[in-house]
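# Overview (structure and organization)
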Amino acid sequence: MKTSIATVSIAGNLREKLAAIADADFDGLEIFEQDFLQDAASPREVGQMVRDHGLEVMLYQPFRDFEGLPEPLRTRAFDRARHKFDLMAELGAEQMLICSSIHPQALGGIDRAADDLAELAGIAAERGLRLGYEALAWGRHVNDHRDAWEIVRRADQPNLGLILDSFHTLSRKIDPETIRRIPGDKIFFVQLADAPLIDMDLLYWSRHFRNMPGEGDLPVVDFMRAVTATGYAGPLSLEIFNDQFRGGSPHGIARDGHRSLIWLMDQVRRAEPALTVDLPAIPENIRVQGVEFIEFASNAAEAPALEAALRQMGFHREGQHRNKSVTVWKQGDIRIVLNTEETGFAHSFFLNHGTGVCDIGLRVEDAQATTARAAALDATLFHQPLGPGELDIPAIRGVGGSILHFIDEKSGLDDVWQVEFQSTEQAAHDFGLTRVDHLAETMNYDEMLSWTLFYSSIFDLQRLPMIDVIDPDGLVRSQAIASPDGSTRITLNGAQSHRTLAGGFLVDSMGSAVQHIALASKDIFASAQRMASAGFQPLPIPENYYDDLRARYGLDDDDITRLRRWNILYEADDDGRAFLQFYGRPLQNGLFFEIVERRGGYEGYGALNAPFRIAALKRLMRGKAIPRA
Ligand SMILES: O=C(O)c1ccc(O)c(O)c1
Ligand SMILES: [Mg+2]
């Protein structure tokens, strides 16, 4: 499989783009005219720069407003094309994209367009160049790949073919199955882009909101299945116009793009096994069976506050690491690891971010298969020297400088608690907390798509619709991803301003990701009561909230009294499913715990309650001197 990306898709000047594209392992690129005109180097030098990076110029684009023009515009359009052909020769580009005309004077007619393109193809053939014709979704006369194909077919020139772009086809809801009828060798180039489903003007949508395959809502897998079925064997090229990407990290965006293409073709192969996909075999999306552990990095001065908070929530110190200053705290199926080592990864995390979650252990069926898939999807494997008797647990780098470890039963990695730890305390009691319900990770808004793609391409984690969380000082967008059985849930919260609670956390923790940890209770009222008697102080929720709640759900006085008594927030749907939650007070760096109970399989996360929670936290934090849990 040959991969390519249009220079327009990433930030930076042309040289930065080339470096990032080469680094991300693409085979080639589409040179966008603008990128190249802005560079000081001559076309010949630019061509050499591309080849010096080990890349190939796979397409020169775009050539606009060519077909269907009346004279004298028609002659001028041919002159313009000749000039571009000269330039392409210098650049070493053999193929040009012609997009369907939007010229106000362009005349319609399939044969007229076919005649113009056939004549131009003749001129291009003398120079050994190929032309590809693409239907823009907003083209004046041609805006459907079926019409573009009919024009190419009638023009009947060996060096004239069709260019398909998933955005133009899918944004107009044209059935991608229609592509299967086109001969693969007449498709000269394939451009890929996804996009979120937003009802807006096609041109505006295309120029600002495209994103990588798998980051949006368009049926890009169906599109590529149809393309693959034609026998098309040319490059797969990303052409992403996106406002955030233009200002993002060139390397990060290029890596995401490469990842998205591998994800896409892996999905194509799984959806339609009869197709031939030129991609090495990789394990399928990894099913996550839950969170095995959450590891905090801390130090001797800060750890006691966290230990006190754990005790107040009903955890006991179950084990002490045999070689290291690491303890494990347990309740139900929840394990929280506290690492106060003065060397190694956790320590460097602590130095960078302060006390925070440096490592998450996920339960999987096969840890080796997990890192194999992650590596194939361009994730970075993580290793650290092992101490005596320690297990080699596969790991990769995750969000916010943290690590993801993979624990399986198959290779005995789930024995780590017996092998590496000495048992210290027996459970005297528990407060009814059973498992990790979800982890809430905070990031800059601009990084959300990237981390969503990271999780959903490697794992079998599905995106729920994105929601807006209203912070009094700005908007936070929240993207939940969850395993199909709900055993693993992560919310990715994108902060657009440092004045939001989430944004403030990013500043204070120097970009740490896990801002809060939600633990599931089997009976939230019982847990709240027992935690309170152990000294746990919940986040106080104001009276107004409960007045509103009574009206919203028609709850009776007893219900309201009980909820208010324990500062529990409530959300429900029309089918009687409900979500109950309360929060602890922020610990070091603003990290906090949440206790939740899901009734009847409720799938949400309390979005309606989030503004109340945020306001309450901000009131507390403004009062400074945050009581330590
Ligand atoms: O937005 C545009 O003008 C434009 C240009 C060239 C393309 O290949 C495309 O898909 C869109
Ligand atoms: Mg295109």
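Quick caveat, the model's predicted, so the values are computed rather than measured. (Residues numbered from 1 in each chain as written. Chains lettered and ligands numbered in written order. Predicted model: local features only at pLDDT ≥ 70, side-chain atom pairs only at ≥ 80, totals over all residues. Heavy atoms only, no water.)

With that settled, the discussion passes to the pairing of strand β21 (residues 489-495). Taking burial as the measure, the 7 residues of β21 include 7 buried ones, the bulk of the element. Alternating residues of β21 divide into R489, T491, N493 and A495 and I490, L492 and G494, and every residue in both groups is buried. Alignment of strand β17 (residues 433-444) against β21, held across 6 bridges, turns out to be parallel. Across the sheet, N444 pairs through a bridge with A495, a residue of β21. One ladder, built from 7 bridges, connects strand β20 (residues 474-482) with β21; its direction is antiparallel. Bridging across to β21, A482 finds its partner in R489. (Buried < 20%, exposed > 50% of the residue type's maximum accessible area, 1.4 Å probe, protein only. Helix = DSSP H or I, 4+ residues; strand = E, 2+ residues; numbered from the N terminus. Pairing = 2+ DSSP bridges.)

What follows concerns a negative patch on the surface. Taken together, the side chains of D23, D25, D27, E56 and E94 define an acidic patch exposed on the protein surface. Topologically, E56 is positioned in strand β3 (residues 56-63). (Patch = residues over 30% accessible without salt bridge, like charges linked within 9 Å, V, L, I, M, F, W, Y side chains within 5 Å. Areas by Shrake-Rupley, 256 points an atom, 1.4 Å probe, with all protein chains shown as cover. Salt bridge = Lys/Arg side-chain N within 4 Å of Asp/Glu carboxyl O. Lys, Arg positive; Asp, Glu negative; His and termini not counted. Charge placed at Lys NZ, Arg CZ, Asp CG, Glu CD.)

Let's shift gears to the domain arrangement of the protein. Here the protein is described as being made up of domain 1 (3-271), domain 2 (288-423) and domain 3 (433-623). Here domain 2 and domain 3 have C-alpha centroids that lie 23 Å from each other. Listed as interface residues are 41 residues of domain 2 and, on the opposing side, 34 residues of domain 3. Summed over the three residues of domain 2 that lose the most area to domain 3, namely Q312, M313 and V399, the buried surface amounts to 23% of that side. Where domain 2 packs against domain 3, one counts 10 residue pairs in polar contact (both at pLDDT 80 or more). (Domains from an automatic or database assignment. Contact = heavy atoms within 4.5 Å. Buried area = accessible area lost by both parts, 1.4 Å probe. Polar contact = N/O pair within 3.5 Å; in protein donor to acceptor, adjacent residues only side chain to side chain.)

A few words on the site of ligand 1. Surveying the vicinity of ligand 1 reveals 14 residues, the closest of which are R64, E134, H168, R207 and E239. In the environment of ligand 1, an oxygen atom lies 2.7 Å from a nitrogen or oxygen atom belonging to the side chain of H168. Measuring from an oxygen atom of ligand 1, one finds a side-chain N or O atom of E239 at 2.6 Å. Taken by itself ligand 1 offers 290 Å² of open surface, and the protein chains cover 100% of this. Considering only residue class, the shell around ligand 1 consists of 5 nonpolar, 3 polar and 6 charged. (Near = heavy atom within 4 Å. Nonpolar A, V, L, I, M, F, W, Y, C, P; charged D, E, K, R; others polar.)

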